[in-house]
Amino acid sequence: QYTDLTALMDHFLLTVLFGSGNGDTAGTLWATADGVHWTPSFASLHTAYGLTAEGKQTAATEGVPAYSQWEVLTYEGDNLLWKRLCTVFGEELKVRYSQLRATVFRSPALLYESFRKQQGEIEAELLETEKELHPALAADAVETEVISRYLQTRLAAMDAWMGYGK
């Protein structure tokens, strides 16, 4: 009654897909138009696509729980809201994942194009300043091939977690 369930599920699934290290905590910005219903959005994705805050690459499957058809959908992070979302709305979450997987998550290339389009809206001067401030993060971890490969592996892990295609 305090949030739009679809928006909450979408944010959660994107957080897991992007491997956003802080997308379930400080990296989430909550907005409301009426003071009652809250919608999550990303405040920052600086630890997305397997990058740590130190600029190191993590395994694309890190943080995606294993799937078991006999158990309730589980989330192993520290965020109580995400744990409850998985426990209480696990079946709805699987349905929503299937919908997204058939559309906007259908290919790493489509996701990457969305990333590049958004990045193109950032002024070149700001990107250069960011590279100067965080040289470790400016490595080739944001290149097309690396992100595409990361998303492809991540989607396969999420497919297994959600029981997609089974």
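Just so it is clear, the model here is predicted, and its values are computed rather than measured. (Residues numbered from 1 in each chain as written. Predicted model: local features only at pLDDT ≥ 70, side-chain atom pairs only at ≥ 80, totals over all residues. Heavy atoms only, no water.)

> So what about the pairing of strand β1 (residues 28–32)? Which residues, and what values?
Pairing of β1 with strand β2 (residues 38–42) involves five bridges; the strand directions are antiparallel. Bridge pairing links T28 to F42 in β2. A loop of five residues connects β1 with β2, the two strands running antiparallel in sequence, and G35 in this loop sits at a positive phi of about 80°. (Pairing = 2+ DSSP bridges. Helix = DSSP H or I, 4+ residues; strand = E, 2+ residues; numbered from the N terminus.)

> Go over the pattern of salt bridges, please, and point to the residues and values.
As enumerated under the stated definition, the model contains three salt bridges in all. As a salt-bridge pair, D10 and R96 come within 2.6 Å of each other at their nearest N and O atoms. Taken together, the positions of D10 in helix α1 (residues 5–18) and R96 in helix α3 (residues 90–102) put the pair 86 residues apart, joining distant regions of the chain. With relative accessibility at 18%, the residue R96 sits in the buried group. (Salt bridge = Lys/Arg side-chain N within 4 Å of Asp/Glu carboxyl O. Buried < 20%, exposed > 50% of the residue type's maximum accessible area, 1.4 Å probe, protein only.)

> Which residues make up the nonpolar core, and what values go with them?
Ranked by internal contacts, the top residues of the largest apolar core, which has 27 residues, are F12, L13, L17, Y49, L93 and F105. Every element with two or more residues in this core is listed here: α1, α2 (80–88), α3, α4 (108–120) and α6 (144–162). (Core = buried A, V, L, I, M, F, W, Y, C linked by side-chain atoms within 4.5 Å.)

> Would you mind going over the packing of aromatic side chains in detail, with residue names and values included?
Here the distance between the centres and the angle between the planes together describe a pair of aromatic rings. Counting across every chain of the model gives five aromatic pairs. Judged by centre distance (6.0 Å) and plane angle (45°), the ring pair of F18 and F42 falls under tilted. Of the two residues, F18 sits in helix α1 while F42 sits in strand β2, which places them 24 residues apart along the sequence. In this structure F18 comes out as buried when scored by relative accessible area, which is 12%. Note on Y97 and Y164: the rings are 5.8 Å apart at their centroids and 90° apart in plane angle, and the pair reads as edge-to-face. Here Y97 is found in helix α3, whereas its partner Y164 is found in the segment after α6, with 67 residues between them in sequence. (Phe/Tyr/Trp six-rings, centres within 6.5 Å; stacked < 30°, edge-to-face > 60°.)

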